[in-house]
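# Structure at a glance
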Amino acid sequence: MNLTIARDELLKPLGYVTGVVERRQTLPVLSNVLIRSDGENLKLTGTDLEVEIIAAVKPQSADEGTMTVPARKLYDICRALPAGAEIKLELSGEKAVLRSGKSRFTLLTLPEADFPSVEVGTWDITFTISQEQLKRLLDHTQFCMAHQDVRYYLNGLLLELSKNRLRAVATDGHRMGLSEVELSVDEGTERQVIVPRKGVHEIGRFLAAAGKTAEIRLSPNHIRVSVENVALTSKLIDGRFPDYVQVISSTYQQKMRIERTALAEALARVAILANEKYRGARFTLRPDLLVVTAHNPEQEEAQEEISANYSGKEVEIGFNVNYVIDAVNSLEGEEIELGVNDPNSSCVLQSPDSSDTRYIVMPMRL
(Lines give C-alpha, C1' and ligand atoms only; values in the text may rest on other atoms or scores of the structure.)
Protein backbone atom coordinates (compact mmCIF):
# COMPACT_ATOMS: atom_id res chain seq x y z
CA MET A 1 0.00 0.00 0.00
CA ASN A 2 1.33 3.42 -1.03
CA LEU A 3 -0.31 6.81 -0.62
CA THR A 4 0.58 10.46 -1.07
CA ILE A 5 -1.29 13.21 0.75
CA ALA A 6 -0.82 16.84 1.76
CA ARG A 7 0.09 17.23 5.43
CA ASP A 8 -2.53 19.97 5.90
CA GLU A 9 -5.29 17.74 4.48
CA LEU A 10 -4.41 14.83 6.77
CA LEU A 11 -3.83 16.67 10.04
CA LYS A 12 -7.39 17.63 11.04
CA PRO A 13 -9.12 14.27 10.35
CA LEU A 14 -6.19 12.44 11.94
CA GLY A 15 -6.59 14.68 15.01
CA TYR A 16 -10.28 13.73 15.34
CA VAL A 17 -9.45 10.03 15.15
CA THR A 18 -6.48 10.23 17.50
CA GLY A 19 -8.61 11.98 20.13
CA VAL A 20 -10.57 8.80 20.80
CA VAL A 21 -7.45 6.63 21.20
CA GLU A 22 -6.49 6.06 24.84
CA ARG A 23 -2.83 6.24 25.81
CA ARG A 24 -3.07 3.02 27.81
CA GLN A 25 -4.85 0.13 26.14
CA THR A 26 -5.58 -3.47 27.07
CA LEU A 27 -5.26 -4.42 23.40
CA PRO A 28 -2.14 -3.10 21.62
CA VAL A 29 -4.04 -2.62 18.32
CA LEU A 30 -6.35 -0.08 20.00
CA SER A 31 -3.39 2.33 20.13
CA ASN A 32 -3.33 2.30 16.33
CA VAL A 33 -5.32 4.07 13.66
CA LEU A 34 -6.75 1.93 10.86
CA ILE A 35 -5.96 3.41 7.44
CA ARG A 36 -8.02 1.99 4.59
CA SER A 37 -7.83 3.06 0.95
CA ASP A 38 -10.11 2.08 -1.92
CA GLY A 39 -7.81 3.76 -4.44
CA GLU A 40 -9.68 7.10 -4.39
CA ASN A 41 -10.62 7.85 -0.79
CA LEU A 42 -8.87 7.30 2.49
CA LYS A 43 -10.71 6.33 5.69
CA LEU A 44 -9.08 6.74 9.10
CA THR A 45 -10.60 4.83 12.03
CA GLY A 46 -9.86 5.00 15.74
CA THR A 47 -11.67 3.29 18.60
CA ASP A 48 -11.47 2.43 22.30
CA LEU A 49 -14.30 -0.16 21.95
CA GLU A 50 -16.78 2.34 23.45
CA VAL A 51 -16.41 5.17 20.93
CA GLU A 52 -15.40 4.90 17.27
CA ILE A 53 -14.53 7.75 14.91
CA ILE A 54 -14.19 7.35 11.15
CA ALA A 55 -12.85 10.31 9.16
CA ALA A 56 -12.64 10.38 5.37
CA VAL A 57 -10.06 12.34 3.40
CA LYS A 58 -9.08 12.46 -0.29
CA PRO A 59 -5.38 11.75 -0.95
CA GLN A 60 -3.39 12.98 -3.93
CA SER A 61 -2.83 9.36 -4.91
CA ALA A 62 -3.27 5.99 -3.22
CA ASP A 63 -3.25 2.26 -3.89
CA GLU A 64 -5.92 0.00 -2.49
CA GLY A 65 -4.94 -1.45 0.85
CA THR A 66 -5.17 -1.39 4.63
CA MET A 67 -2.72 -0.85 7.46
CA THR A 68 -2.71 0.08 11.14
CA VAL A 69 -0.08 2.44 12.56
CA PRO A 70 0.43 4.00 16.02
CA ALA A 71 -2.11 6.83 16.11
CA ARG A 72 -0.42 9.33 18.40
CA LYS A 73 3.02 8.85 16.91
CA LEU A 74 1.64 9.41 13.39
CA TYR A 75 -0.29 12.48 14.54
CA ASP A 76 2.72 13.96 16.37
CA ILE A 77 4.96 13.39 13.32
CA CYS A 78 2.45 15.05 10.98
CA ARG A 79 1.97 17.96 13.36
CA ALA A 80 5.74 18.49 13.61
CA LEU A 81 6.20 18.61 9.82
CA PRO A 82 6.15 22.06 8.18
CA ALA A 83 2.91 23.47 6.79
CA GLY A 84 2.43 22.63 3.12
CA ALA A 85 4.56 19.49 3.33
CA GLU A 86 3.75 16.43 1.23
CA ILE A 87 3.55 13.07 3.00
CA LYS A 88 4.26 9.71 1.41
CA LEU A 89 3.25 6.63 3.41
CA GLU A 90 4.28 3.14 2.31
CA LEU A 91 3.61 -0.26 3.84
CA SER A 92 6.75 -2.39 3.76
CA GLY A 93 6.35 -5.78 5.40
CA GLU A 94 5.39 -5.23 9.05
CA LYS A 95 6.46 -1.60 9.03
CA ALA A 96 5.12 1.64 7.60
CA VAL A 97 7.62 4.12 6.16
CA LEU A 98 6.64 7.81 6.16
CA ARG A 99 8.64 10.23 4.02
CA SER A 100 8.33 13.99 3.74
CA GLY A 101 11.06 16.08 2.16
CA LYS A 102 14.31 14.93 3.75
CA SER A 103 12.52 13.37 6.76
CA ARG A 104 11.97 9.63 7.08
CA PHE A 105 10.15 7.71 9.82
CA THR A 106 9.60 3.98 10.25
CA LEU A 107 6.63 2.84 12.32
CA LEU A 108 5.66 -0.65 13.44
CA THR A 109 2.29 -1.86 12.15
CA LEU A 110 -0.09 -4.46 13.58
CA PRO A 111 -2.37 -6.83 11.60
CA GLU A 112 -5.50 -5.04 10.38
CA ALA A 113 -7.49 -8.23 11.05
CA ASP A 114 -7.01 -7.59 14.79
CA PHE A 115 -8.58 -4.12 14.60
CA PRO A 116 -12.10 -4.23 16.12
CA SER A 117 -15.22 -2.66 14.68
CA VAL A 118 -18.31 -1.47 16.53
CA GLU A 119 -21.35 -3.68 15.91
CA VAL A 120 -24.39 -1.39 16.02
CA GLY A 121 -27.36 -3.43 14.83
CA THR A 122 -30.25 -1.53 13.22
CA TRP A 123 -30.75 2.22 13.34
CA ASP A 124 -34.41 2.86 14.16
CA ILE A 125 -34.44 6.68 14.48
CA THR A 126 -32.70 9.15 12.14
CA PHE A 127 -32.96 12.95 12.19
CA THR A 128 -30.91 16.02 11.30
CA ILE A 129 -29.99 19.08 13.33
CA SER A 130 -27.80 22.07 12.55
CA GLN A 131 -24.26 21.71 13.86
CA GLU A 132 -24.60 25.05 15.63
CA GLN A 133 -27.70 23.91 17.51
CA LEU A 134 -26.14 20.61 18.56
CA LYS A 135 -22.92 22.29 19.69
CA ARG A 136 -24.97 24.80 21.67
CA LEU A 137 -26.87 22.00 23.42
CA LEU A 138 -23.66 20.23 24.39
CA ASP A 139 -21.79 23.38 25.44
CA HIS A 140 -24.67 24.52 27.65
CA THR A 141 -25.00 21.25 29.55
CA GLN A 142 -21.96 18.97 29.44
CA PHE A 143 -20.11 20.72 32.29
CA CYS A 144 -22.89 19.54 34.64
CA MET A 145 -22.11 15.85 34.03
CA ALA A 146 -20.79 13.87 36.99
CA HIS A 147 -17.15 12.71 37.17
CA GLN A 148 -16.76 8.98 37.92
CA ASP A 149 -19.91 8.85 40.04
CA VAL A 150 -20.98 5.42 41.31
CA ARG A 151 -24.37 6.29 39.82
CA TYR A 152 -22.94 5.53 36.39
CA TYR A 153 -25.94 6.98 34.55
CA LEU A 154 -24.93 10.46 35.80
CA ASN A 155 -21.53 10.17 34.04
CA GLY A 156 -23.17 11.05 30.75
CA LEU A 157 -25.59 13.37 29.00
CA LEU A 158 -29.28 12.64 28.53
CA LEU A 159 -30.61 13.35 25.04
CA GLU A 160 -34.40 13.32 24.99
CA LEU A 161 -36.30 13.42 21.73
CA SER A 162 -40.01 14.24 22.08
CA LYS A 163 -42.69 16.48 20.60
CA ASN A 164 -40.43 17.94 17.88
CA ARG A 165 -37.84 18.98 20.44
CA LEU A 166 -34.38 17.70 21.34
CA ARG A 167 -33.48 18.29 24.97
CA ALA A 168 -30.08 17.80 26.61
CA VAL A 169 -29.92 17.31 30.37
CA ALA A 170 -26.90 16.72 32.60
CA THR A 171 -26.59 16.53 36.38
CA ASP A 172 -24.08 15.49 39.03
CA GLY A 173 -26.66 15.44 41.81
CA HIS A 174 -25.76 18.96 43.02
CA ARG A 175 -26.63 20.95 39.92
CA MET A 176 -28.42 20.40 36.65
CA GLY A 177 -28.20 21.94 33.20
CA LEU A 178 -31.05 21.75 30.69
CA SER A 179 -31.13 23.05 27.13
CA GLU A 180 -33.47 22.33 24.23
CA VAL A 181 -34.07 23.17 20.57
CA GLU A 182 -36.94 22.62 18.14
CA LEU A 183 -36.56 19.97 15.45
CA SER A 184 -38.40 18.80 12.35
CA VAL A 185 -39.06 15.15 13.17
CA ASP A 186 -42.00 12.81 12.76
CA GLU A 187 -44.76 13.48 15.27
CA GLY A 188 -44.72 10.92 18.04
CA THR A 189 -41.00 10.11 17.77
CA GLU A 190 -39.80 9.76 21.36
CA ARG A 191 -36.56 8.39 22.80
CA GLN A 192 -34.28 8.91 25.77
CA VAL A 193 -30.60 7.96 25.50
CA ILE A 194 -27.61 8.60 27.78
CA VAL A 195 -24.41 9.42 25.88
CA PRO A 196 -21.20 8.76 27.86
CA ARG A 197 -18.87 11.61 28.78
CA LYS A 198 -16.19 10.70 26.24
CA GLY A 199 -18.69 10.48 23.40
CA VAL A 200 -20.10 13.91 24.29
CA HIS A 201 -16.62 15.44 24.40
CA GLU A 202 -15.54 13.94 21.07
CA ILE A 203 -18.75 15.01 19.31
CA GLY A 204 -18.16 18.60 20.41
CA ARG A 205 -14.68 18.59 18.87
CA PHE A 206 -15.85 18.41 15.25
CA LEU A 207 -19.04 20.50 15.42
CA ALA A 208 -17.99 23.82 13.95
CA ALA A 209 -19.38 24.42 10.48
CA ALA A 210 -21.88 27.29 10.34
CA GLY A 211 -24.90 26.55 8.20
CA LYS A 212 -24.08 22.83 8.01
CA THR A 213 -26.17 19.99 9.42
CA ALA A 214 -25.38 16.89 11.47
CA GLU A 215 -27.19 13.59 11.07
CA ILE A 216 -28.01 11.69 14.26
CA ARG A 217 -28.93 8.01 14.23
CA LEU A 218 -30.15 6.03 17.22
CA SER A 219 -30.32 2.31 17.87
CA PRO A 220 -31.19 0.60 21.16
CA ASN A 221 -27.52 0.59 22.23
CA HIS A 222 -25.68 3.14 20.07
CA ILE A 223 -25.72 6.70 18.76
CA ARG A 224 -24.03 7.88 15.56
CA VAL A 225 -23.37 11.53 14.75
CA SER A 226 -22.24 12.24 11.17
CA VAL A 227 -21.02 15.55 9.76
CA GLU A 228 -19.53 15.86 6.29
CA ASN A 229 -16.49 13.54 6.34
CA VAL A 230 -16.56 12.52 10.02
CA ALA A 231 -18.78 9.94 11.74
CA LEU A 232 -18.72 9.13 15.46
CA THR A 233 -20.39 6.02 16.86
CA SER A 234 -20.72 5.64 20.63
CA LYS A 235 -22.19 3.03 22.92
CA LEU A 236 -24.99 4.32 25.13
CA ILE A 237 -25.04 4.09 28.91
CA ASP A 238 -27.49 1.40 29.92
CA GLY A 239 -29.37 2.95 32.82
CA ARG A 240 -32.37 5.01 33.82
CA PHE A 241 -31.76 8.76 34.08
CA PRO A 242 -33.34 10.44 37.13
CA ASP A 243 -36.76 12.06 36.71
CA TYR A 244 -35.34 15.53 36.23
CA VAL A 245 -38.77 17.12 35.66
CA GLN A 246 -39.52 16.76 39.37
CA VAL A 247 -36.50 18.93 40.19
CA ILE A 248 -37.76 21.86 38.13
CA SER A 249 -40.15 23.95 40.18
CA SER A 250 -42.92 25.42 38.07
CA THR A 251 -43.03 28.63 40.14
CA TYR A 252 -40.43 30.54 42.10
CA GLN A 253 -41.76 32.96 44.72
CA GLN A 254 -38.76 35.30 44.61
CA LYS A 255 -37.30 36.41 41.28
CA MET A 256 -34.35 38.71 40.79
CA ARG A 257 -33.04 40.20 37.55
CA ILE A 258 -29.39 41.13 37.43
CA GLU A 259 -26.86 42.18 34.78
CA ARG A 260 -25.02 39.06 33.65
CA THR A 261 -21.56 40.57 33.14
CA ALA A 262 -21.61 42.40 36.49
CA LEU A 263 -22.65 39.21 38.28
CA ALA A 264 -20.01 37.09 36.54
CA GLU A 265 -17.23 39.53 37.42
CA ALA A 266 -18.36 39.85 41.05
CA LEU A 267 -18.59 36.08 41.53
CA ALA A 268 -15.11 35.59 40.04
CA ARG A 269 -13.71 38.01 42.63
CA VAL A 270 -15.57 36.44 45.55
CA ALA A 271 -14.44 32.95 44.50
CA ILE A 272 -10.81 33.93 45.12
CA LEU A 273 -11.36 33.76 48.90
CA ALA A 274 -13.91 30.94 48.98
CA ASN A 275 -13.02 27.77 50.88
CA GLU A 276 -10.87 25.69 48.53
CA LYS A 277 -12.66 22.46 49.45
CA TYR A 278 -16.31 23.46 49.81
CA ARG A 279 -16.40 26.58 47.59
CA GLY A 280 -19.39 27.95 49.51
CA ALA A 281 -20.71 31.51 49.15
CA ARG A 282 -23.65 33.21 50.84
CA PHE A 283 -26.15 34.94 48.55
CA THR A 284 -28.37 37.53 50.23
CA LEU A 285 -31.27 38.85 48.15
CA ARG A 286 -32.42 42.31 49.28
CA PRO A 287 -34.57 44.92 47.53
CA ASP A 288 -32.57 46.16 44.51
CA LEU A 289 -29.41 44.43 45.78
CA LEU A 290 -27.60 41.10 45.75
CA VAL A 291 -24.87 40.66 48.37
CA VAL A 292 -22.42 37.77 47.90
CA THR A 293 -19.96 36.85 50.66
CA ALA A 294 -17.39 34.09 51.06
CA HIS A 295 -15.08 32.99 53.88
CA ASN A 296 -12.20 30.57 54.22
CA PRO A 297 -10.46 28.79 57.14
CA GLU A 298 -7.83 31.57 57.32
CA GLN A 299 -10.61 33.96 58.46
CA GLU A 300 -10.39 35.89 55.19
CA GLU A 301 -13.56 37.32 53.70
CA ALA A 302 -14.79 38.65 50.39
CA GLN A 303 -18.00 40.62 49.85
CA GLU A 304 -19.58 41.98 46.69
CA GLU A 305 -22.72 44.08 46.29
CA ILE A 306 -24.42 44.02 42.87
CA SER A 307 -27.36 46.19 41.87
CA ALA A 308 -30.40 44.16 40.88
CA ASN A 309 -34.06 44.42 39.97
CA TYR A 310 -35.74 42.84 43.00
CA SER A 311 -38.65 43.83 45.22
CA GLY A 312 -39.27 40.62 47.21
CA LYS A 313 -38.46 39.75 50.79
CA GLU A 314 -34.91 39.24 52.03
CA VAL A 315 -33.62 35.71 51.39
CA GLU A 316 -30.25 34.33 52.50
CA ILE A 317 -29.06 31.13 50.82
CA GLY A 318 -25.74 29.32 50.30
CA PHE A 319 -24.41 27.88 47.04
CA ASN A 320 -21.24 26.40 45.63
CA VAL A 321 -19.92 29.54 43.94
CA ASN A 322 -18.28 27.54 41.12
CA TYR A 323 -21.63 26.05 40.11
CA VAL A 324 -23.21 29.50 39.88
CA ILE A 325 -20.23 30.87 37.92
CA ASP A 326 -20.47 28.02 35.38
CA ALA A 327 -24.17 28.70 34.86
CA VAL A 328 -23.77 32.47 34.55
CA ASN A 329 -20.92 32.14 32.04
CA SER A 330 -22.90 29.69 29.92
CA LEU A 331 -26.09 31.73 29.72
CA GLU A 332 -26.59 34.26 26.94
CA GLY A 333 -28.08 37.75 26.95
CA GLU A 334 -27.46 40.87 29.00
CA GLU A 335 -29.53 39.88 32.04
CA ILE A 336 -30.01 36.80 34.20
CA GLU A 337 -33.08 35.83 36.16
CA LEU A 338 -32.43 34.19 39.51
CA GLY A 339 -35.41 32.39 41.04
CA VAL A 340 -35.58 31.08 44.63
CA ASN A 341 -38.26 29.96 47.08
CA ASP A 342 -36.51 29.62 50.44
CA PRO A 343 -33.02 28.90 51.88
CA ASN A 344 -33.60 25.12 51.75
CA SER A 345 -34.72 24.69 48.13
CA SER A 346 -32.93 24.89 44.80
CA CYS A 347 -32.59 28.00 42.67
CA VAL A 348 -32.97 28.41 38.93
CA LEU A 349 -30.82 30.58 36.66
CA GLN A 350 -31.97 31.44 33.16
CA SER A 351 -32.24 34.28 30.67
CA PRO A 352 -35.42 36.35 31.26
CA ASP A 353 -36.29 36.25 27.55
CA SER A 354 -35.89 32.50 27.07
CA SER A 355 -36.39 29.32 29.06
CA ASP A 356 -34.69 27.10 26.48
CA THR A 357 -31.63 26.89 28.74
CA ARG A 358 -31.94 26.60 32.51
CA TYR A 359 -29.69 25.71 35.40
CA ILE A 360 -30.82 24.31 38.75
CA VAL A 361 -28.37 24.64 41.65
CA MET A 362 -28.97 22.94 44.97
CA PRO A 363 -28.35 24.97 48.17
CA MET A 364 -25.59 24.18 50.67
CA ARG A 365 -25.28 24.81 54.38
CA LEU A 366 -22.64 27.34 55.35
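Refer to the preceding data block for the structure.
Residues numbered from 1 in each chain as written. Predicted model: local features only at pLDDT ≥ 70, side-chain atom pairs only at ≥ 80, totals over all residues. Heavy atoms only, no water.

## Considerations on a negative patch on the surface
There is a patch of like negative charges on the surface, built from Asp38, Glu40, Asp63 and Glu64. Positionally, Glu40 belongs in the loop between strand 2 (32-37) and strand 3 (42-47). (Patch = residues over 30% accessible without salt bridge, like charges linked within 9 Å, V, L, I, M, F, W, Y side chains within 5 Å. Areas by Shrake-Rupley, 256 points an atom, 1.4 Å probe, with all protein chains shown as cover. Salt bridge = Lys/Arg side-chain N within 4 Å of Asp/Glu carboxyl O. Lys, Arg positive; Asp, Glu negative; His and termini not counted. Charge placed at Lys NZ, Arg CZ, Asp CG, Glu CD. Helix = DSSP H or I, 4+ residues; strand = E, 2+ residues; numbered from the N terminus.)

## Focus: the side chain of Lys198
Mapped onto the fold, Lys198 is located in helix 4 (residues 197-205). A distance of 2.6 Å separates polar atoms of two side chains, one belonging to Lys198 and the other to Glu22. Non-local contacts of Lys198, meaning those with residues more than four positions away in its chain, are made with Gly19, Val20, Glu22, Asp48 and Val51. (Polar contact = N/O pair within 3.5 Å; in protein donor to acceptor, adjacent residues only side chain to side chain. Contact = heavy atoms within 4.5 Å.)

## Details of the side chain of Arg260
With respect to the element layout, Arg260 can be found in helix 5 (residues 260-271). The side chain of Arg260 sits in the buried core without any salt bridge; Glu259 is the nearest counter-charge, 8.6 Å away. Once residues within four sequence positions are removed from consideration, Arg260 is found in contact with Val328, Asn329, Leu331, Glu332, Gly333, Glu334, Glu335 and Ile336. (Buried < 20%, exposed > 50% of the residue type's maximum accessible area, 1.4 Å probe, protein only.)

## Details of the packing of aromatic side chains
Applying the stated criterion to the full structure yields four aromatic pairs. An angle of 75 degrees between the planes, with centres 5.5 Å apart, marks the rings of Phe283 and Phe319 as edge-to-face. Placement of the pair is Phe283 in strand 19 (residues 280-286) and Phe319 in strand 22 (residues 315-320), with a sequence separation of 36 residues. The class of Phe319 is buried, set by a relative accessible area of 2%. (Phe/Tyr/Trp six-rings, centres within 6.5 Å; stacked < 30°, edge-to-face > 60°.)

## Here's the deal with the packing of helix 1 (residues 7-19) against helix 2 (residues 71-80)
Closest axis-to-axis distance for the helix 1/helix 2 pair is 10 Å, and the angle between their directions is 145 degrees. Handedness of the helix 1/helix 2 crossing: left-handed. Residue-level inspection shows Arg7, Leu10, Leu11, Leu14, Gly15, Thr18 and Gly19 of helix 1 in contact with helix 2, the latter providing Ala71, Arg72, Leu74, Tyr75, Cys78 and Arg79. Class assignment for the residues of the contact of helix 1 with helix 2 results in seven nonpolar, three polar and three charged. (Axes fitted to C-alpha atoms, helices over the stretch in contact; angles between N-to-C directions. Left-handed = near helix turned anticlockwise from the far one by under 90°. Nonpolar A, V, L, I, M, F, W, Y, C, P; charged D, E, K, R; others polar.)

## A look at the sheet that holds strand 23 (residues 335-340)
A sheet is described by the order of its strands in space; here twelve strands give the open sequence 14-11-12-13-25-24-23-18-21-20-19-22, paired in antiparallel fashion. Of all strands in the sheet, those bounded by a partner on one side alone are strand 14 (191-196) and strand 22. If you compare each strand with its neighbour and ignore which way they point, the axes differ by 25 degrees on average. Relative to strand 21 (residues 301-309), strand 20 (residues 289-295) runs antiparallel, the two sharing seven bridges. Bridge assignment links Thr293 to a residue of strand 21, and that residue is Gln303. Helix-sheet contacts for helix 5 involve strand 18 (254-259), strand 19, strand 20, strand 21 and strand 23, and the interaxial angle to strand 21 is about 170 degrees. Sitting on the sheet, helix 6 (residues 321-330) is in contact with strand 13 (175-182), strand 19, strand 22, strand 23, strand 24 (347-351) and strand 25 (354-361), with an inclination near 90 degrees to strand 22. (Pairing = 2+ DSSP bridges.)

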